[in-house]
Amino acid sequence: MDGYLITDQGISEAISREEKQGRKLACARGCASCCKSHETIPVYPLELMGMFWYATEVLEGELREKLKTQLRNLEALQSCSFLVDNACALHVVRPMACRSFNVFNTQCAVGEDAYYTRRDDVLTPIKKYTDDAFNVMLPFYGVKNKAERRKMIKTGGMHQMAKVMRELNWSSLADKMDAFEK
Ligand code: SF4
Ligand code: SF4
(Lines give C-alpha, C1' and ligand atoms only; values in the text may rest on other atoms or scores of the structure.)
(Ligands and ions follow the chains in the order given, each with its own letter.)
Protein backbone atom coordinates (compact mmCIF):
# COMPACT_ATOMS: atom_id res chain seq x y z
CA MET A 1 0.00 0.00 0.00
CA ASP A 2 2.96 2.34 0.52
CA GLY A 3 3.56 2.25 -3.21
CA TYR A 4 -0.03 3.32 -3.83
CA LEU A 5 0.23 6.12 -1.26
CA ILE A 6 3.32 7.45 -2.99
CA THR A 7 1.69 7.09 -6.41
CA ASP A 8 -1.43 8.94 -5.25
CA GLN A 9 0.66 11.73 -3.70
CA GLY A 10 2.53 12.15 -6.96
CA ILE A 11 -0.65 12.16 -9.04
CA SER A 12 -2.28 14.66 -6.70
CA GLU A 13 0.73 16.97 -6.94
CA ALA A 14 0.89 16.64 -10.73
CA ILE A 15 -2.82 17.45 -11.04
CA SER A 16 -2.44 20.47 -8.73
CA ARG A 17 0.38 21.81 -10.88
CA GLU A 18 -1.79 21.54 -13.98
CA GLU A 19 -4.79 23.09 -12.27
CA LYS A 20 -2.65 26.05 -11.27
CA GLN A 21 -2.09 26.52 -15.01
CA GLY A 22 -5.86 26.74 -15.46
CA ARG A 23 -6.48 23.18 -16.63
CA LYS A 24 -9.52 21.25 -15.44
CA LEU A 25 -9.48 17.54 -14.67
CA ALA A 26 -12.12 15.71 -16.69
CA CYS A 27 -12.01 12.43 -14.72
CA ALA A 28 -14.91 11.88 -12.35
CA ARG A 29 -16.83 9.02 -10.76
CA GLY A 30 -19.07 7.32 -13.31
CA CYS A 31 -16.82 8.29 -16.19
CA ALA A 32 -15.29 5.02 -17.23
CA SER A 33 -14.61 4.93 -20.95
CA CYS A 34 -10.95 4.31 -20.12
CA CYS A 35 -11.87 1.08 -18.30
CA LYS A 36 -13.58 -0.09 -21.49
CA SER A 37 -11.24 1.11 -24.20
CA HIS A 38 -7.82 0.42 -22.63
CA GLU A 39 -6.99 -3.20 -23.35
CA THR A 40 -3.34 -3.37 -22.34
CA ILE A 41 -3.33 -2.08 -18.76
CA PRO A 42 -0.29 -3.52 -16.98
CA VAL A 43 -0.51 -5.04 -13.52
CA TYR A 44 2.41 -6.14 -11.34
CA PRO A 45 2.45 -9.32 -9.18
CA LEU A 46 2.22 -7.40 -5.91
CA GLU A 47 -0.77 -5.51 -7.26
CA LEU A 48 -2.42 -8.78 -8.25
CA MET A 49 -2.01 -10.05 -4.69
CA GLY A 50 -3.67 -6.88 -3.39
CA MET A 51 -6.56 -7.23 -5.86
CA PHE A 52 -7.11 -10.90 -4.95
CA TRP A 53 -6.97 -10.07 -1.23
CA TYR A 54 -9.42 -7.19 -1.53
CA ALA A 55 -11.90 -9.09 -3.69
CA THR A 56 -11.88 -12.22 -1.50
CA GLU A 57 -11.53 -10.77 2.00
CA VAL A 58 -12.80 -7.18 1.95
CA LEU A 59 -15.43 -6.67 -0.71
CA GLU A 60 -18.95 -7.01 0.68
CA GLY A 61 -22.64 -7.03 -0.14
CA GLU A 62 -24.24 -6.41 -3.50
CA LEU A 63 -21.03 -5.28 -5.14
CA ARG A 64 -19.34 -8.54 -4.17
CA GLU A 65 -22.18 -10.58 -5.68
CA LYS A 66 -22.24 -8.49 -8.85
CA LEU A 67 -18.49 -8.86 -9.28
CA LYS A 68 -18.63 -12.64 -8.85
CA THR A 69 -21.38 -12.91 -11.45
CA GLN A 70 -19.41 -10.71 -13.81
CA LEU A 71 -16.20 -12.69 -13.34
CA ARG A 72 -18.09 -15.84 -14.33
CA ASN A 73 -19.40 -14.24 -17.52
CA LEU A 74 -16.39 -12.50 -18.96
CA GLU A 75 -16.81 -13.68 -22.55
CA ALA A 76 -19.30 -11.00 -23.50
CA LEU A 77 -17.75 -8.28 -21.36
CA GLN A 78 -16.49 -5.25 -23.27
CA SER A 79 -14.56 -3.74 -20.37
CA CYS A 80 -12.11 -4.47 -17.60
CA SER A 81 -13.29 -7.38 -15.44
CA PHE A 82 -13.69 -5.07 -12.45
CA LEU A 83 -15.86 -2.37 -13.93
CA VAL A 84 -19.24 -2.82 -12.21
CA ASP A 85 -22.04 -0.29 -12.74
CA ASN A 86 -19.53 2.02 -14.41
CA ALA A 87 -17.26 2.17 -11.34
CA CYS A 88 -14.20 0.20 -10.30
CA ALA A 89 -15.18 -2.54 -7.82
CA LEU A 90 -11.57 -2.60 -6.62
CA HIS A 91 -11.04 1.15 -6.59
CA VAL A 92 -8.99 1.12 -3.35
CA VAL A 93 -6.49 -1.36 -4.77
CA ARG A 94 -6.65 -0.49 -8.47
CA PRO A 95 -3.28 -0.77 -10.19
CA MET A 96 -0.76 2.05 -10.51
CA ALA A 97 -1.51 2.31 -14.22
CA CYS A 98 -5.17 3.08 -13.49
CA ARG A 99 -4.26 5.59 -10.78
CA SER A 100 -1.85 7.34 -13.09
CA PHE A 101 -4.11 7.78 -16.11
CA ASN A 102 -5.86 11.13 -15.82
CA VAL A 103 -7.24 13.37 -18.54
CA PHE A 104 -7.90 17.11 -18.66
CA ASN A 105 -10.45 19.29 -20.42
CA THR A 106 -12.96 16.83 -21.90
CA GLN A 107 -14.04 13.38 -20.76
CA CYS A 108 -12.92 10.60 -23.08
CA ALA A 109 -15.39 9.65 -25.76
CA VAL A 110 -16.63 6.06 -26.03
CA GLY A 111 -13.77 4.00 -27.40
CA GLU A 112 -11.28 6.84 -27.18
CA ASP A 113 -7.78 6.36 -25.77
CA ALA A 114 -6.78 9.95 -25.11
CA TYR A 115 -3.13 8.95 -24.97
CA TYR A 116 -3.29 8.55 -28.74
CA THR A 117 -6.01 11.04 -29.68
CA ARG A 118 -4.87 14.03 -27.55
CA ARG A 119 -1.68 13.29 -25.64
CA ASP A 120 -1.46 16.90 -24.40
CA ASP A 121 -4.63 16.36 -22.34
CA VAL A 122 -3.19 13.31 -20.57
CA LEU A 123 -1.44 13.89 -17.26
CA THR A 124 2.26 13.12 -17.18
CA PRO A 125 3.02 11.64 -13.73
CA ILE A 126 5.98 13.10 -11.82
CA LYS A 127 8.83 10.65 -12.37
CA LYS A 128 10.28 10.97 -8.87
CA TYR A 129 7.07 9.66 -7.29
CA THR A 130 6.69 6.83 -9.79
CA ASP A 131 10.28 5.75 -9.19
CA ASP A 132 9.82 5.97 -5.40
CA ALA A 133 6.68 3.83 -5.63
CA PHE A 134 8.56 1.11 -7.53
CA ASN A 135 11.45 1.47 -5.10
CA VAL A 136 9.30 0.52 -2.10
CA MET A 137 7.71 -2.38 -4.00
CA LEU A 138 10.90 -4.03 -5.26
CA PRO A 139 11.92 -5.58 -1.90
CA PHE A 140 8.72 -7.66 -2.09
CA TYR A 141 10.15 -9.22 -5.24
CA GLY A 142 13.41 -10.04 -3.47
CA VAL A 143 15.31 -7.01 -4.80
CA LYS A 144 16.50 -5.61 -1.48
CA ASN A 145 19.84 -4.12 -2.46
CA LYS A 146 19.53 -0.38 -2.97
CA ALA A 147 21.84 -0.21 -5.99
CA GLU A 148 20.02 -3.13 -7.63
CA ARG A 149 16.69 -1.42 -7.10
CA ARG A 150 18.01 1.82 -8.59
CA LYS A 151 19.33 -0.07 -11.61
CA MET A 152 16.05 -1.95 -12.18
CA ILE A 153 14.08 1.29 -12.05
CA LYS A 154 16.52 3.11 -14.33
CA THR A 155 16.58 0.35 -16.95
CA GLY A 156 12.86 -0.41 -16.65
CA GLY A 157 13.75 -4.01 -15.77
CA MET A 158 10.87 -4.34 -13.36
CA HIS A 159 8.32 -3.82 -16.14
CA GLN A 160 9.17 -7.33 -17.34
CA MET A 161 7.23 -8.62 -14.33
CA ALA A 162 4.04 -6.89 -15.45
CA LYS A 163 1.13 -8.82 -16.93
CA VAL A 164 -1.65 -7.46 -19.11
CA MET A 165 -4.72 -7.27 -16.88
CA ARG A 166 -7.21 -8.28 -19.58
CA GLU A 167 -5.22 -11.40 -20.46
CA LEU A 168 -5.44 -12.96 -17.00
CA ASN A 169 -7.87 -15.70 -16.00
CA TRP A 170 -10.06 -13.75 -13.61
CA SER A 171 -12.89 -16.28 -13.52
CA SER A 172 -10.91 -18.30 -10.93
CA LEU A 173 -11.17 -15.32 -8.60
CA ALA A 174 -14.93 -15.83 -8.30
CA ASP A 175 -14.30 -19.38 -7.00
CA LYS A 176 -11.78 -18.04 -4.48
CA MET A 177 -14.34 -15.49 -3.28
CA ASP A 178 -16.87 -18.30 -2.81
CA ALA A 179 -14.34 -20.45 -0.97
CA PHE A 180 -13.52 -17.61 1.43
CA GLU A 181 -17.21 -17.29 2.36
CA LYS A 182 -17.50 -20.93 3.47
S1 SF4 B 1 -9.40 8.83 -18.24
FE2 SF4 B 1 -11.08 9.57 -19.55
S3 SF4 B 1 -12.68 8.00 -19.38
FE4 SF4 B 1 -11.25 7.67 -17.69
S5 SF4 B 1 -12.17 8.79 -15.97
FE6 SF4 B 1 -10.71 10.18 -16.99
S7 SF4 B 1 -11.92 11.35 -18.46
FE8 SF4 B 1 -13.13 9.56 -17.86
S1 SF4 C 1 -8.96 -2.02 -12.40
FE2 SF4 C 1 -10.62 -0.58 -12.04
S3 SF4 C 1 -9.84 1.42 -12.68
FE4 SF4 C 1 -8.51 -0.13 -13.58
S5 SF4 C 1 -9.35 -0.53 -15.63
FE6 SF4 C 1 -10.27 -2.01 -14.20
S7 SF4 C 1 -12.19 -1.08 -13.56
FE8 SF4 C 1 -10.93 0.54 -14.44
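Residues numbered from 1 in each chain as written. Chains lettered and ligands numbered in written order. Predicted model: local features only at pLDDT ≥ 70, side-chain atom pairs only at ≥ 80, totals over all residues. Heavy atoms only, no water.

1. Quick word on the packing of aromatic side chains
Each aromatic ring pair is described using two quantities: the centre-to-centre distance and the angle formed by the ring planes.
Piece 1. Applying the stated criterion to the full structure yields five aromatic pairs.
Piece 2. Seen from their ring centres, Tyr44 and Phe134 are 5.4 Å apart, and the 65 degrees between their planes marks the pair as edge-to-face. Taken together, the positions of Tyr44 in the loop between β1 (42–43) and α3 (45–58) and Phe134 in helix α7 (residues 127–137) put the pair 90 residues apart, joining distant regions of the chain.
Piece 3. Classification of Tyr44 by relative accessible area gives buried; the value is 7%.
Piece 4. With a relative accessible area of 7%, Phe134 lands in the buried category.
Piece 5. Look at Phe82 and Trp170: their rings are 4.8 Å apart centre to centre, the planes differ by 80 degrees, and that puts the pair in the edge-to-face class. Of this pair, Phe82 sits in the loop between α4 (61–71) and β2 (83–84) while Trp170 sits in the loop between β4 (163–164) and α9 (171–181), placing them 88 residues apart in sequence. (Phe/Tyr/Trp six-rings, centres within 6.5 Å; stacked < 30°, edge-to-face > 60°. Helix = DSSP H or I, 4+ residues; strand = E, 2+ residues; numbered from the N terminus. Buried < 20%, exposed > 50% of the residue type's maximum accessible area, 1.4 Å probe, protein only.)

2. A short note on the environment of Thr130
Piece 1. Secondary-structure assignment places Thr130 in helix α7.
Piece 2. Those residues within four positions of Thr130 in sequence are excluded, and the remaining contacts are Met96 and Pro125. (Contact = heavy atoms within 4.5 Å.)

3. What to know about α9
Piece 1. The set of residues buried in α9 consists of Leu173, Ala174 and Met177. Looking straight down α9, one finds its buried side chains confined to an arc of 105 degrees; they lie on one side. (Arc of directions from axis to C-beta.)

4. A short note on the site of ligand 2
Piece 1. All residues in the neighbourhood of ligand 2 are listed as Cys35, Ile41, Cys80, Phe82, Leu83, Cys88, Pro95, Cys98 and Met165.
Piece 2. Partitioned by chemical class, the residues of the shell around ligand 2 number nine nonpolar, no polar and no charged. (Near = heavy atom within 4 Å. Nonpolar A, V, L, I, M, F, W, Y, C, P; charged D, E, K, R; others polar.)

5. Some remarks on unusual backbone geometry
Piece 1. Not every positive phi belongs to a glycine, and Asp85 is a case in point at roughly 55 degrees.
Piece 2. By the secondary structure assignment, Asp85 is in the loop between β2 and β3 (87–88).
Piece 3. One non-glycine residue, Asn86, adopts positive backbone phi at about 65 degrees.
Piece 4. For Asn86, a relative accessible area of 31% gives the class partly exposed.

Worth remembering: the numbers are spatial, not functional.
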